[in-house]
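The primary structure of each chain is shown beneath.
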Amino acid sequence: MSAPVLDLDLIPPLGEPRPQPVPEVATTTLPSGLDVVVVPRPGVPLVELRLRVPFAAGTPRGAAQHTARASVLSGAVLLGTAQHDATGIAQALQGHGAELTVAADPDRLLFSTTLLAEGLAPVLGVLAEVLTAAAYPADRVEAERDRVAERIAIARSQPGVIARSALAARRYGAHPYAAQLPAPELVGKVGAAALRRLHRERVLPAGSTLVLVGDLDAAAATDAVAAALGEWTGEGTAVGAPPAPTLAPGHLEVVDRPGAVQSNIRLGGPAPGRTDPDLPAVRLAGMVFGGYFSSRLVENIRERRGYSYSPRSAVDHLAAASSFLVEADVATEVTGPAFLETWAELGRMALAPVTEAELDAARRYVLGSMALSTATHAGLASTLSALAGSGLSAEWLAEHQRALAEVTVDQVQEAARRYLAPAALTGVVVGDAERVTDALRALGPVDVTASAAADPA
Amino acid sequence: MTAVGADLTLRHPVERLSLDNGLRVVLAPDRSVPVVAVTVFYDVGMRNEPEGRTGFAHLFEHVMFQGSAHVPKMEHARLVQAAGGTFNGSTHQDYTNYYEALPAEALERALFLEADRMAAPAITEENLRNQIDVVKEEIRVNVLNRPYGAFPWLQLPQIAFESFANTHDGYGSFVDLESSTVADATDFFSRYYAPGNAVLCIGGDLDVAQTERLVRRWFGPVEARDVPPTPHTGEPSPTTVRRDVVEDRLAPAPAVALGWRVPDPVGDLDTYLGTVLLAELLSEGDASRLERRLVHDDRLAVAQSSYVGLFGDPFDVRDATLLTTQVHHPAAVPVDDVLAAVHDEIGRVAGEGVTAEELARVQARAGAQLLRQADSVLGRTLAFGAAELVHGRAELAGELAARLAAVTPDQVQAAARGLDPGTAAVLELRATGGAR
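Residues numbered from 1 in each chain as written. Chains lettered and ligands numbered in written order. Predicted model: local features only at pLDDT ≥ 70, side-chain atom pairs only at ≥ 80, totals over all residues. Heavy atoms only, no water.

Caption draft 1: Structural context of the overall build of chain B. Along chain B, the regular secondary structure elements total 16 helices and eleven strands. In terms of C-alpha radius of gyration, chain B reaches 22 Å, essentially the compact-globule figure of 22 Å for 436 residues. Its C-alpha atoms give chain B principal-axis dimensions of roughly 60 × 55 × 40 Å. Residue burial in chain B is summarised as follows: out of 436 residues, 65% are buried. Partitioning the contacts of chain B with sequence separation of at least 6, the portion at a separation of at least 24 is 82%. Split by element, the accessible area of chain B, about 14,500 Å² in all, is 49% carbon and sulfur. Separation of charge centres in chain B, based on 38 positive and 61 negative side chains, amounts to 2 Å. (Helix = DSSP H or I, 4+ residues; strand = E, 2+ residues; numbered from the N terminus. Rg over C-alpha atoms; globule rule 2.2 N^0.38 Å. Buried < 20%, exposed > 50% of the residue type's maximum accessible area, 1.4 Å probe, protein only. Contact = heavy atoms within 4.5 Å. Areas by Shrake-Rupley, 256 points an atom, 1.4 Å probe, with all protein chains shown as cover. Lys, Arg positive; Asp, Glu negative; His and termini not counted. Charge placed at Lys NZ, Arg CZ, Asp CG, Glu CD.)

Caption draft 2: Representation of the UniProt feature "domain: Peptidase M16 N-terminal" (unreviewed entry) in chain B within the structure. The UniProt record annotates "domain: Peptidase M16 N-terminal" (unreviewed entry) at residues 24-141 of chain B. Annotated as 38% helix and 24% strand, the span residues 24-141 of chain B places its first and last C-alpha atoms 36 Å apart. (UniProt positions renumbered as here; feature names shortened; annotations may be inferred.)

Caption draft 3: Quick peek at the domain arrangement of chain B. Residues and elements named next belong to chain B. Entries for chain B in the domain assignment read domain 1 (15-220) and domain 2 (242-431). Each of domain 1 and domain 2 has a C-alpha centre, and these two points are 28 Å apart. Listed per partner, the contact involves 44 residues of domain 1 and 47 residues of domain 2. Where domain 1 touches domain 2, the interface holds four salt bridges. Ionic pairing is found between D43 and R318, a salt bridge with its closest N-O pair at 2.9 Å. Linking domain 1 with domain 2 are twelve residue pairs in polar contact (both at pLDDT 80 or more), by the criterion used here. (Domains from an automatic or database assignment. Salt bridge = Lys/Arg side-chain N within 4 Å of Asp/Glu carboxyl O. Polar contact = N/O pair within 3.5 Å; in protein donor to acceptor, adjacent residues only side chain to side chain.)

Caption draft 4: A look at the packing of aromatic side chains. All names here are of chain B. Per the counting criterion, the structure on display carries 21 aromatic pairs over all chains. Consider the rings of F56 and F188, whose centres lie 5.2 Å apart with planes at 65°: the pair is edge-to-face. Of this pair, F56 sits in helix α1 (residues 56-63) while F188 is found in helix α8 (residues 182-192), placing the two residues 132 residues apart along the sequence. Since its relative accessible area comes to 6%, F188 is described here as buried. One cation-aromatic arrangement involves R117 over F65; the distance from NZ or CZ to the ring centre is 4.6 Å. In this structure, R225 packs its charged tip against the face of F189, placed 4.8 Å from the ring centre. (Phe/Tyr/Trp six-rings, centres within 6.5 Å; stacked < 30°, edge-to-face > 60°. Lys NZ or Arg CZ within 6 Å of the ring centre and 35° of its normal.)

Caption draft 5: Representation of the pairing of strand β6 (residues 198-204) of chain B. Residues and elements named next belong to chain B. Counting buried residues in β6 gives seven out of seven residues, a clear majority hidden from the surface. Where strand β3 (residues 35-42) lies against β6, seven bridges are found, and the strand directions are antiparallel. Paired with V36 across the two strands is G204, which belongs to β6. (Pairing = 2+ DSSP bridges.)

Caption draft 6: Just the nonpolar core, in detail. Residues and elements named next belong to chain B. Residues W260, Y272, L277, L278, L294, V342 and V412 are the most contacted members of the largest nonpolar core, which totals 72 residues. Inspection of this core shows a minimum of three residues originating in each of domain 1 (15-220) and domain 2 (242-431). Counting residues in each nonpolar core, the second largest holds 59 residues, with L27, L128, Y192 and Y193 among its members. (Core = buried A, V, L, I, M, F, W, Y, C linked by side-chain atoms within 4.5 Å.)

See the structure below:
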């Protein structure tokens, strides 16, 4: 068949948009300092719970040890309380459709679960018990720490993790954000007493935010939280990460992974934070470049050249630093050409205007995908919890949507010039150095390092 | 204290029609959010691939995004995304699906796009070569360039089953992928992508009468073709242990997977539901039998999981399928210690049964997870579509939580008796390269 031509008369036009339901958000601060955010929503008879406890390393010097302890604490906090062992805690939750998971990242601890709506009070009771009476039994903590060390070794064998770690180390230097994964030798030294102290000093209600979304009544749910978590108190308030530095990009780094059949290209640089007026334009520039399937990067290195399955870019927010990130996993033999095309598309973004059609498509996609991602209990709960980490409320969503609607082609180009220019980005390629370095050197200076994962865990 | 007895049935109305060309249509309206999902399920998956064409169902899925009679390359994505929607497709063992989630006002556009490629996808040499390259990169990302990439989903079926349909690599060998031709793709389309071999399922913010008119307008003209018979993929149950070892030069630590044949998911659904809950009871969360025994009490494992269905969704497969238990363990722990503990725990369920209290907790958790999936318009619509295609009844997707809540301790005990150590397929992964 001959290649079709797009006949716009054939394409069904879009109808009138229906208004998005605006969530009714009830926010309360308890006497302990805990912020409680409750959003009733129609839908399935479930509630989504997110408790965000700020948990950044207090100082750069203590960051490595803090990260190691946090990685063990997030599992060990569920290993028993004064009243129940780990199984008892899990069973008490399971009967209400719940399973508490605790995750640590450089900014926070996040306690999450789904639960059947009728189980709100008892699940909050179990959460309170974990927060106020986690026992950290010594033998169980020791076993957990050994498991964490094994899991880190497995994670560090994944090329995506090696690449992410190498890029963070380059971009953040001595800042705590540089350490994506804790060192196994530090994990191996974490003891129960240190975890009990860390919990006492840092798992605090003041500065933390509990989000509940779903099949509930706002007033009753807020009362239930106040009743269940009234005993959770503590001296002091949450600690956020110190301001992150912006380091000069430096040479491209090739992290050697001998025999790799693919190279993992990663580029990253600073991006505006959530309240920076430049953010909407940078988000839209990033979309046009590589933020979705209809982007230039995907059309070029996937759909035209077949170099990569899932090339992509994104704006990512941590509490003390926001990033513009580019990722492409490409066959070893095309690493040089794929890097060149990625670099060239970034240069085009920085130097030439996008079209009105590209901007409109990106804008509609961002607005549509924001609506989709907040159209479930779980999606809305996670979004509100992340915003709370930046000190923002649900109103930010509406403000950001309004700002996105007003971005112009000129603003996109200005933003791209500053944030997407290839010279502004730090680059890392994880791959077989012997086979990829020569081609990459044709494009600029390259430093080759041994894989961070090569040292035995 | 538990949710047993709570009403977990999803009461979304389901409307059904079929067109003269054989297309089955399911409409599941729910106007609570202004989002609509359009999904098309074709009754062809990895198990339908002929010998010499491993990976072809998945490769063809990629080709379906390369444009169609009235849609140039890249425009399918642009037309969906510029309307504020998302799209994707996925290839399963028994079906291939395509889907969009969009603001409600873009419904007709999505119907146009799906109908256009159901009638005439752009199968060209250039598009096929391009997507063979893209699929090879996908396989490198997900299998070849990472530790545990094929484990156990591509490797365990080779010893767990007998027939080519069930044992072959559904991602495809590079030799087979590279030798695929436009004629192969045209034949495959002609044979398997007939409207009578498909289910169109639309869910979310829609008006039934108006949607029916739009469906007839866009899909009515797609020409009817013969529908191939559903292939028989069942196999006799194994009577012996089958054991094999694979080496992974990228893995830093060993792992082991056990697979047992389970009852027919479609022909014997009630018995099968006992097996689905058994998998949850064995492995879901800190209260589960294997998490307690392997991870916490005996400290034999770093992580464990059990699931029914090759991709972990017990309701998207026909016979034959497996319950798989997968364990990552430290190198210092002998694999036979892991196997003995797994068989011992399953033996306890088979011998002593489970209490109603323990089962009720497991049912509450399993029900909550099904409801969570159903909270998204797209998740719900995909579940309705899969239930219509695999089970012939979209409504089943809404009833599953309640059906699981009705399973008895005896059914779970019977399911455990089916996991005989003497009929397991056991695949050891040895870490041969160390960390790298």
